[in-house]
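# Structure at a glance
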Amino acid sequence: TPCKLIKYFSYISALIAVVISAELIHLFLTNENIISGGTINKTEVALGWGIWNLIGVSLAVLIPVIFYGMTVGKYPFLYFAAATLAFVMSVLTMSRNALIFSTLIYAVCVLIFCFKGKFKKQFRIITAVGIVAVILFAVLFWDKIQTLLSDYFERGFSDNGRFDIWRAAFANFVKSPIFGSGFYSLSVENFYSFG
């Protein structure tokens, strides 16, 4: 039935989020180059199947499905824990896109569950306590957080050369719209800083 399929999909999404998060935690614990000088080196955030951007987005897209699992699953607070873990780990990948979209979708899901569903009251309490805990943690450890996530603070909303790449790619398309310009018509290294 469709309900069982949705339940199973939410369950599998939560499992995937936990497995990816466990892989990341293992990476952070075993790779001595991943944190240097108290800062996460995002070029070291790489698993056998992808780098920081792919890992971050893989976690971010699971968040709403896991939240949905709270409404259909047997253990709603385990789903909430899995969604929160996915959110935190997506932020630690140092992918700015994952940071923006996982934060946005996590906040939207939290707001929805504060006003809809079976556990509104409990969820409001958990959310209020969580917000206070995060603010307290941020105030107490701001210097360490700023150092750990320095790449976010340094790059901010810069396009990191992407807009120049897109302009050059579009110019190549205009020059050769049918057969293209070939593989070597655009050197990404001229535009983009991977550091």
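Above: the structure in question.
The following paragraphs examine the structure supplied in this document. Since the model is a prediction, treat every value here as computed from it, not as a measurement. (Residues numbered from 1 in each chain as written. Predicted model: local features only at pLDDT ≥ 70, side-chain atom pairs only at ≥ 80, totals over all residues. Heavy atoms only, no water.)

### A closer look at the side chain of N31
For clarity, the cut-off: Secondary structure is summarised from DSSP: a helix means a run of H or I of at least four residues, a strand means a run of E of at least two, and numbering begins at the N terminus for each. Note on classification: 1.4 Å probe, protein chains only; a residue is buried when its accessible area is under 20% of the maximum for its type, exposed when over 50%, partly exposed between these limits. Polar contacts, as counted here, are pairs of nitrogen or oxygen atoms within 3.5 Å of one another; within protein the pair requires one atom able to donate a hydrogen and one able to accept it, and residues that are adjacent in sequence qualify only if both atoms are side-chain atoms.
Along the polypeptide, N31 turns up in the loop between helix 1 (2-30) and strand 1 (35-36). Here N31 falls in the buried class, since its relative accessible area comes to 17%. Of note is the side chain of N31, whose polar atom sits 3.0 Å from the side chain of E44.

### Quick look at a nonpolar patch on the surface
Quick reminder of the rule: Each patch is built from residues lacking any salt bridge and having more than 30% relative accessible area; the joining distance is 9 Å for like charges and 5 Å for nonpolar side chains (Val, Leu, Ile, Met, Phe, Trp, Tyr). Calculation of accessible area relied on Shrake-Rupley with a 1.4 Å probe; when residues are assessed, cover is drawn exclusively from the protein chains displayed. Each salt bridge in this description consists of a side-chain nitrogen of Lys or Arg and a carboxyl oxygen of Asp or Glu lying within 4 Å of one another.
A cluster of nonpolar side chains, I100, F101, L104, V108 and I112, forms an exposed patch at the surface whose accessible area comes to about 460 Å². Note that F101 resides in helix 5 (residues 96-115).

### So, unusual backbone geometry
Residue M94 is not a glycine yet carries a positive backbone phi of 75°. In this fold, M94 is placed in the loop between helix 4 (76-92) and helix 5.

### Description of the layout of surface pockets
For clarity, the threshold we go by: Think of a 1 Å grid over the protein atoms and nothing else: a 1.4 Å probe that fits but is trapped marks a cavity, an open set flanked by protein within 12 Å on at least five of seven lines marks a pocket, and residues with an atom within 4 Å of a point count as lining. Grid points are joined across faces, edges and corners, and a volume is the space filled by probe spheres set on the points. Throughout this entry, Asp, Glu, Lys and Arg are counted as charged residues, while Ala, Val, Leu, Ile, Met, Phe, Trp, Tyr, Cys and Pro are counted as nonpolar. The remaining residues, Gly among them, count as polar.
Space inside the largest pocket adds up to approximately 820 Å³. Considering the residues around the largest pocket, the lining is formed by 23 residues, among which F87, V88, G130, V134 and F137 are closest to the centre. Mapped onto the lining of the largest pocket, the elements with two or more residues apiece are helix 4, helix 5, helix 6 (120-140) and helix 7 (142-148). The element contributing the most residues to the lining of the largest pocket is helix 6, with eight residues. Split into classes, the residues belonging to the lining of the largest pocket amount to 19 nonpolar, four polar and no charged.

### Digging into the environment of N53
Under the convention used in this document: For this analysis, residues touch if any pair of their heavy atoms sits within 4.5 Å.
Inspection of the secondary structure assignment puts N53 in helix 2 (residues 52-60). As a C-alpha pair, N53 and T93 span 40 residues in sequence and 7.3 Å in three-dimensional space. Those residues in contact with N53, other than ones at most four positions away along the chain, are S95 and R162. At 2.9 Å, the side chain of N53 forms a polar contact with the side chain of S95.

### Observations concerning the nonpolar core
Our working definition: We call a set of buried residues a nonpolar core when its members are Ala, Val, Leu, Ile, Met, Phe, Trp, Tyr or Cys and they connect through side-chain atoms within 4.5 Å of each other.
Counting residues in hydrophobic clusters, the biggest one holds 36 residues, and the most contacted among them are L24, L59, I66, F67 and F123. Breaking this core down by element, the ones donating at least two residues are helix 1, helix 2, helix 3 (63-72), helix 4 and helix 5. In terms of residue count, the dominant contributor to this core is helix 4 (eight residues). Those residues in contact with I66 that sit more than four places away from it in its chain are S13, A14, A17, Y79, A82 and A83.

### Some points on a positive patch on the surface
Cut-off, in case you're wondering: In this tally Asp and Glu are treated as negative and Lys and Arg as positive; neither His nor the chain ends contributes. Lysine's charge is taken at NZ, arginine's at CZ, aspartate's at CG and glutamate's at CD.
Judged by side-chain charge, K4, K7, K74 and K118 come together as a positively charged surface patch. Tracing the chain through its elements places K74 in the loop between helix 3 and helix 4.

### Things to note about helix 9 (residues 162-175)
Note the following rule: The span expected for a helix works out to 1.5 Å for each residue beyond the first. Regarding the arc, it is the one traced by the directions from the helix axis to the C-beta atoms.
In this model, helix 9 (14 residues) spans 20 Å end to end at C-alpha, consistent with the 20 Å of a helix rising 1.5 Å per residue. Taken as a whole, helix 9 has its buried residues at I165, A168 and N172. Relative to the axis of helix 9, the buried residues are bounded by an arc of 70° and lie together on one face. Residues of helix 9 that are exposed and point more than 90 degrees away from the buried face comprise W166, R167, F170 and V174.

### Structural notes on the packing of helix 3 against helix 4
What counts, and what does not: As a rule, the C-alpha atoms of each element are fitted with a line to give its axis, helices using only the stretch in contact, and angles between N-to-C directions run from 0 to 180 degrees. Roughly parallel here means an angle under 35 degrees, roughly antiparallel means over 145, roughly perpendicular means 65 to 115, and every remaining angle is called oblique. Note: crossing handedness is left-handed where the near helix turns anticlockwise from the far helix by less than a right angle, and right-handed where it turns clockwise.
Orientation of helix 3 relative to helix 4, taken along the N-to-C sense of each, is 165°, at an axis distance of 7 Å. When the axes of helix 3 and helix 4 are compared, the pair comes out roughly antiparallel. Note on packing geometry: the crossing formed by helix 3 with helix 4 is left-handed. Contacts between helix 3 and helix 4 involve I63, I66, F67, G69 and M70 from the former and P76, Y79, F80, A82, A83, A86 and F87 from the latter.

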